[in-house]
Structure formats: structure tokens, C-alpha cells
Amino acid sequence: MVRIPITDRYFVGLGCRVSIEHKAGTTRVNWSISQLPEGGAPRPTGGDREVGLICPRCLRAFSVRVETAGKARTKQLVQRVLGWLLVLSLLATVPVLIHLGGQTVEEGDDHSTNVIGLLVALAAVGVIVGPSLLATAGVHNGIKKLRLIRDDGSRTARVRGHRLF
């Protein structure tokens, strides 16, 4: 994963699909990636701002939403903190799960099996979601919601052949 520093200037990595190659069991998509706007642009000082872009390859008009630098940094920090808390929660859930898993349970004692089920679920969340949040926290750059601007000025919810990088 690429770590993106959040500064007071932003760049939008807009990818325009060039080709799709299908081979035995795999699909490869080739992208033409442009860094827009040239030289960067200042981030908004308050609230999110809708910014218009034109793809240099196909000349279609798009819009993206740009967050303030503080909001983007806060989202990165929250993802990192939650990721570390989930990973550190394994220090408590796994030993308790091992301890309770080694005990015998009376027949008809549903409480013990409910506790073990809950601990297994918490450990699974800690193992899967924690590292995922840590890995993707540095990727968030405050640029989101790529929309195609139609001729009538309306914006689409889905964009074919383009994506943010």
C-alpha cells in the first residue's frame, strides 16, 4: 500500500481505462493515470468542496469531493487507532478463549457456549479488521466520490472506465 501524505495541496489521481486483457483465469486492466490538477490545488479551509476535472485522455468531465486537510488527517488517525485497538484486543481475547476452551462444560449450560462464541467472533474481528484498518489507513487522502458530469449537469453515481488512484 502506498502511504499518501496529506498536505494543504491536493492531487487527484484519475485513471482512465485503456484496455482489458483476459488470460487463463485472470483479467488485467491497463490504466492511463493522470495527476490533476497540474501543480496541485489548495484544499478547502472549511467543509468539503466539489471540484470539477476533465480527463485528459477521453475529455469527459468529472467531479470529485475534496475534504479539508484536518478532516482527512482525522480519518487516518481514527483508522489507525481502531486498527491498533482491535489488534491489541487479541491480547485479551485469545488467552481467555484458550482458557475457556480447555474447560469442560456441563450439559445444558448454554451460557458457557455463548461466551466462547462471542470470544471467537471478537478474535476473528481483531484478526481480520484490525490489520486491514492499519494497512489502509495511510491510503486515505481525502479525495472521494468520483462522479461523471452529464451534458445536462447531473452527476452519475457510478462511473464506467474511470477510477481514483
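Quantities reported herein were computed from a predicted structural model and do not represent experimental measurements.

Trainee: Go over the overall build of the protein, please, and point to the residues and values.
Mentor: What the protein contains, in helices and strands, is two helices and six strands. Along the protein, from the amino end to the carboxyl end, the secondary structure elements read β-β-β-β-α-α-β-β. For 165 residues, the compact-globule formula gives about 15 Å, and the C-alpha radius of gyration of the protein, at 23 Å, lies well above that figure. Taken along the three principal axes of its C-alpha coordinates, the protein extends 70 × 45 × 30 Å. Put simply, the protein has 165 residues, and 27% of those count as buried. For the protein, contacts bridging at least 24 residues in sequence account for 62% of all contacts bridging at least 6. Accessible area of the protein: about 10,800 Å², with a carbon and sulfur share of 60%.

Trainee: If you had to explain unusual backbone geometry to someone new, which residues and values would you point to?
Mentor: Peptide bonds are, in most cases, trans, and in most cases residues other than glycine have a negative phi. In the segment running from L36 into P37, the intervening peptide bond is cis, with an omega of -15°. Counting through the fold element by element, P37 comes out in strand β2 (residues 26-42). Backbone geometry at L59 places phi at a positive 65°, although glycine is not the residue there. Position of L59 relative to the elements: it lies in the loop between β3 (49-54) and β4 (61-66). Positioned with a positive phi, K145 is a non-glycine residue whose angle comes to about 55°. With respect to the helices and strands, K145 occurs in strand β5 (residues 143-148). Looking at K145, the relative accessible area reads 40%, which means it is partly exposed.

Trainee: Summarise the packing of aromatic side chains; cite the residues concerned and give the values.
Mentor: One pass over the full model with this rule turns up one aromatic pair. Arranged with centres 5.6 Å apart and planes meeting at 70°, the rings of W31 and F165 form a pair that is edge-to-face. With a gap of 134 residues between them, W31 in strand β2 and F165 in the segment after β6 (162-164) connect regions that are remote in the sequence. Lying over the aromatic face of W31, R163 brings its terminal NZ or CZ to 5.8 Å of the ring centre. Of note, R163 hangs over the ring of F165, and the distance from its end group to the ring centre comes to 4.2 Å.

Conventions we followed
- Residues numbered from 1 in each chain as written.
- Predicted model: local features only at pLDDT ≥ 70, side-chain atom pairs only at ≥ 80, totals over all residues.
- Heavy atoms only, no water.
- Helix = DSSP H or I, 4+ residues; strand = E, 2+ residues; numbered from the N terminus.
- Rg over C-alpha atoms; globule rule 2.2 N^0.38 Å.
- Buried < 20%, exposed > 50% of the residue type's maximum accessible area, 1.4 Å probe, protein only.
- Contact = heavy atoms within 4.5 Å.
- Areas by Shrake-Rupley, 256 points an atom, 1.4 Å probe, with all protein chains shown as cover.
- Phe/Tyr/Trp six-rings, centres within 6.5 Å; stacked < 30°, edge-to-face > 60°.
- Lys NZ or Arg CZ within 6 Å of the ring centre and 35° of its normal.

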